[in-house]
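# Structural overview
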Amino acid sequence: MKPFRYERAENVSGAVATLARERTGEFLAGGTNLVDLMKLDIMQPDVLVDVRRLTSGEIEDLPDGGLRIGAAVTNSDLAADARVRSRYPVLSQALLSGASGQLRNLATTGGNLLQRTRCAYFYDTTTPCNKREPGTGCSALQGCNSGHAILGASPHCVATHPSDMAVAMTALDAVVRTRGPAGEREIPISDLYRLPGQEPERDTTLEHAELITAVDLPPLEFSPNSRYRKVRERASYAFALVSVAAALRVRDGVVLDTRIALGGVAHKPWRARKAEDVLRGAPAVQESFRAAADAELADAAPLRDNAYKVPLAVNVMTRTLLDLPESR
Amino acid sequence: MTTITERRAIGAPLDRRDGPQKVTGTAPYAYEYRFDDPLYLFPVQSDVARGRVSRIDASAAEALPGVVAVLTHENAPRLADTSDTELAILQAGDVAFRGQYVAAVVAETLEIARYAASLVRVSCDEEPHDVELRADRDDLYAPEMLNTGDPTDTVQGNFDREFATAAVTLDQTYTTPMEHHNPMEPHTTVALWDGSDLTLYASTQGAHQMRAMLAQVLGLGQDRVRIVAPYVGGAFGSKNLHGNTILAALAAQVVGGRPVKFALTRQQMFSGVGYRSPTIQRIRLGADSGGRLTAICHDVIGQTAKMKGFAEHAAVPTRTMYASQSRRTTHRLAALDVPVPTWMRAPGEAPGMFALESAMDEMAINCGLDPVEFRIRNEPEIDPETGLPYSSRNLVTCLLEGARRFGWADRDPHPSARQDGRWQIGTGVASSTFPVVRFPGSVARISYLGDGRFLVVIDAADIGTGAWTTLAQIAADALQADVEDIDLRIGDTRLPEASVAAGSSGTTSWGSAIFEAARTFRDSYGDSPSEGDQAEATMPENPNASNYAMHAFGACFAEARVDADTGEVRIPRMTGVFAAGKIINPKTARSQFIGGMTWGLSMALHEESLVDPRFGHVVNHDFASYHIPANADSGQFDIAWIDEEDPYVNPMGSKGIGEIGIVGTAAAIASAVYHATGIRVRDLPITPAKLLH
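As the structure is a computational prediction, the values presented were derived from the model and not from experiment.

## Let's talk about the overall build of chain B
Within chain B one finds 15 helices and 26 strands. Taking 693 residues into account, the globule formula puts the C-alpha radius of gyration at 26 Å, and chain B, at 26 Å, falls close to it. With the C-alpha coordinates aligned to their principal axes, the bounding extent of chain B is approximately 75 × 70 × 50 Å. Burial status across chain B gives 59% buried among its 693 residues.

## Quick word on the overall build of chain A
The helix and strand tally for chain A stands at 12 helices and 12 strands. Overall, the C-alpha framework of chain A stretches about 60 × 50 × 35 Å when taken along its three principal axes. Sorting the 328 residues of chain A into buried and exposed places 55% on the buried side. Partitioning the intrachain contacts of chain A with sequence separation of at least 6 by distance along the chain shows that 64% fall at a separation of at least 24.

## Brief notes about the sheet that holds strand S14 (residues 293-305) of chain B
Note on sheets: strands pair through backbone hydrogen bonds, and any given pair is parallel or antiparallel. All names here are of chain B. The strand order across the open sheet built from 5 strands is S7-S15-S14-S13-S8, with neighbouring strands paired in mixed fashion. The open sheet terminates on both sides in strands that have one partner only, identified here as strand S7 (154-156) and strand S8 (168-176). If you compare each strand with its neighbour and ignore which way they point, the axes differ by 10° on average. Bridge count for S14 against strand S15 (residues 327-336) is 10 bridges, and the pairing is parallel. Within S15, the position partnered with Ile-296 by the bridge is Arg-327. On top of the sheet, helix H7 (residues 349-367) reaches S8, strand S13 (279-287) and S14; it is set at about 150° to S8, its chief contact.

## Structural notes on the pairing of strand S11 (residues 225-228) of chain B
All names here are of chain B. Residue alternation in S11 divides its side chains into a buried set, Val-225 and Ile-227, and an unburied set, Arg-226 and Val-228. Pairing between strand S10 (residues 198-202) and S11: 4 bridges, direction parallel. Within S11, the residue paired with Thr-199 across the bridge is Arg-226. Once the chain exits S10 it traverses helix H5 (residues 207-218) before rejoining the sheet at S11, and the crossover so formed is right-handed.

## So, the domain arrangement of chain B
Residue and element names in this part refer to chain B. As far as domains go, chain B holds domain 1 (19-28 + 439-538), domain 2 (33-128 + 186-265) and domain 3 (346-436 + 548-691). Once you take the C-alpha centre of each, domain 1 and domain 3 turn out to be 33 Å apart. Facing the 14 residues of domain 1 at the interface are 15 residues of domain 3. Sorting the residues of the side of domain 1 that touches domain 3 by element identifies helix H10 (467-479) and helix H11 (506-525) as the ones contributing at least two each. Take the side of domain 1 that touches domain 3: its biggest share by element is 5 residues, from H11. Class assignment for the residues of the side of domain 1 that touches domain 3 results in 2 nonpolar, 12 polar and no charged.

## Section: the sheet that holds strand S2 (residues 25-28) of chain A
Residue and element names in this part refer to chain A. Taken in spatial order, the 3 strands make up an open sheet running S1-S3-S2, and their pairing is parallel. The open sheet has two edge strands with one neighbour each: strand S1 (5-8) and S2. For this sheet the average axis-to-axis angle between neighbouring strands, irrespective of direction, equals 25°. In this sheet, strand S3 (residues 47-50) lies alongside S1 in parallel orientation, the contact comprising 4 bridges. Residue Tyr-6 lies in a different strand from S3, and its bridge partner there is Leu-48.

## Digging into the packing of H10 of chain B against H11 of chain B
All names here are of chain B. Between H10 and H11, whose axes approach to 9 Å, the crossing angle comes to 30°. In terms of orientation, H10 and H11 fall into the roughly parallel class. In the packing of H10 onto H11, the handedness of the crossing is right-handed. Residues Ala-467, Thr-470, Leu-471, Ile-474, Ala-475, Ala-478 and Leu-479 of H10 touch H11, and the partners they reach there are Gly-506, Thr-507, Trp-510, Gly-511, Ile-514, Phe-515, Ala-518, Arg-519 and Phe-521. Tallied by class, the residues present in the contact of H10 with H11 amount to 11 nonpolar, 4 polar and 1 charged.

Scoring rules and cut-offs
- Residues numbered from 1 in each chain as written.
- Chains lettered and ligands numbered in written order.
- Predicted model: local features only at pLDDT ≥ 70, side-chain atom pairs only at ≥ 80, totals over all residues.
- Helix = DSSP H or I, 4+ residues; strand = E, 2+ residues; numbered from the N terminus.
- Rg over C-alpha atoms; globule rule 2.2 N^0.38 Å.
- Buried ≥ 20, exposed ≤ 12 C-beta atoms within 10 Å, placed from the backbone.
- Contact = placed C-beta atoms within 7 Å.
- Pairing = 2+ DSSP bridges.
- Axes fitted to C-alpha atoms, helices over the stretch in contact; angles between N-to-C directions.
- Right-handed = clockwise from strand over helix to strand, strands pointing away.
- Domains from an automatic or database assignment.
- Nonpolar A, V, L, I, M, F, W, Y, C, P; charged D, E, K, R; others polar.
- Parallel < 35°, antiparallel > 145°, perpendicular 65-115°, else oblique.
- Left-handed = near helix turned anticlockwise from the far one by under 90°.

Quick look at the structure:
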């Protein structure tokens, strides 16, 4: 691990100003991913600015019926919140399907959004990786890639985003609130993340020293009818092979509206807009759900080891929608 | 043989004697010994799989405050014996596998050592490497013998003729992946060199064996090396002498006078401390119309390192399991630019019996027989390999008792016929076996402390097995004393020599030595010894060894649930019934069987070291990507054993139990998955990707 400086600030603007002065550096919250990455020399910041106590640790009701989640709210607290469990069960379920109890007690909402990929080549400084060291090449493209992307990848990077929470938030159209050197921003979560393109070293559209301060969940009338389904090789404590976050509104056997996002398939949580379009107005039956899933996966480009993810994603989308109470 | 006739302590479900120390953190593991002025070692590993170090620039590391020494092959002390190339650490610039130690930093703190190691620039002249095991290689060779000392190949009868004329046949290939043992406690050493003597606090499964080899490599008399290892956090075959211990000893000699601490990171556990060879196993079976085997052939291909041979003996259990008038077993190896494979819990038996028992399930189906009945029909009268009678063989009893406990009787043999919602449900069975292994050379010493108390000392290793407790139970009955009155000391080369904790042999070997010492003590001092009376004895030869074949047997039954949409496999329940002689401690034994079956579950569903042939390394070298079961993967374990009296194996009547729990589990699960889905997975592990269609 490269030596680094540890800084604290009085408040959010102080933290932003402190980090803005540095050439390389990171905000530190729970540290559950960042510290590992530093031990392995994958990230080598000159300075860590501790923001753990600076952003809100509260979950507030918004006037429009939504929720505002402070960036420092832990994954455990967010999953256990009664409002989240009743109004956004998909989010609570996603959180509880991730990591372990110990990690969820430490990991924060802001930090969870900014997890780095779990690509094994990214995690090994002895192998080329464009995300870790731009221009060196992508080892996973022709290597062990059973866990890698089937949608939206580029020849420069086939990594996937590891978060479960972010998949649920993507389905819920969450808005990420930030404070940076240029002021405050509200970023729709789908715009926070990016596809790898030619710059896989950039996971998000955040600027240097831009801090996530909160996440807003907008009200969604049918979000109580939502669920998260995560497929993994062992029963707990594993990253998703494929996951699905889905919410559905059905009237008289017809899909009025739906929100669907996929995890484990792309460089970002994958909002399944094609599937949503197919489903709106369609009968709420298995054939429709499967047709929607097929439409979403039509552009899938599997690699050597991950072709299984295509039928898996179709099956899991179909089954998750079928299992929602309003489908029955 | 004299045996223990009155068993009071033996057979009692005593709590672990070391339990309170372990759960309160007061049982010291090697890295936890406290010193005033320790130094820390961190290695530099090669990032090429084959080649030669051309230049090492350690200037940046050496300039870092707190760095005490940088060791390279150019400046490291010379070893006296480099004939074992795996142990010839930093003696030459050759690189034989990716991850090999090419330098090491010793520093005042672990953080400085680790950072300095990242600053050491190692340039290599890279040469083409070859790390891929394939059945179609043209350079496969027959090793001189197997690791166990067994012959490489065996032939009985005329397999080709019998197979060609059999009424029912099977010809399938089964593969098992490279697997890495990962005890919770990684390989750790604290090495202290005082200018003439070397003391090591080490995590090892055999302190005396480690000392003998280490002393030879370093060119020291054994009396100048002491190894202390009373508590070991798991070993599984990986904690014999490897390069990490040599490196720590070299560093200690360089810095002199200050202890050097070295603990492997989890990532470093995936290179240089051994692994289970991958296997490619072809099984051919022939049977008559009555379901009696007439032809058995088991051909094994494994891998080893170019630098050193190691031959996984996967077909050895096939030599003893079932009756047949013809039988052929072979082992071939590919020598690759890889680290040296080693013993991994149930070596040979675990991969070999996955193949044989999967084939037996398929063959039962081909014969139209229930798989329990098929195995019973092929039960041998005597050991097919040696022609000797078994000292005891109760496989059939295990199968029948297991079937009863598991609820096998009304099983519908048709695959993919049962569902619970989206879960497809199936059941499977497999046999288990493990030899009664007995290593020579163990010595125990017993002293009378007065007040009815005895001190029993032997350099045995408790690698989590329960030896701290079971050896005291054996001593108590052998001395006709209470367990509370036995003061046991183990895990230090200053104690009398004991054989290695391997091959499920500890209780047999060390227990027999303790029994013999107790017999000598009682012969010398009768029932009323005086304080200070002492007796020592070496484990005697077993006169029955050449007259009987000695094996433990067992049966494993598993229920599998497979999600029809996702291919996720869950194992809600397993039954294991074992015939393993006298069980010394039912409580620790049950833990051993559960641990073994969990290992088998892990092998069936999770473990696989993925090698990238372009780089030559294990890609998934951490626990985020190399999976072992979580608690949520471990369902109900129904564990039982039959009351087996075996007067021939040893004075306790016990057989080893540390590994047999593993042996049949993977095949039972694979057969249960087939029964659930109709898909026969012959390539471990059984992942969702292999079940989606």
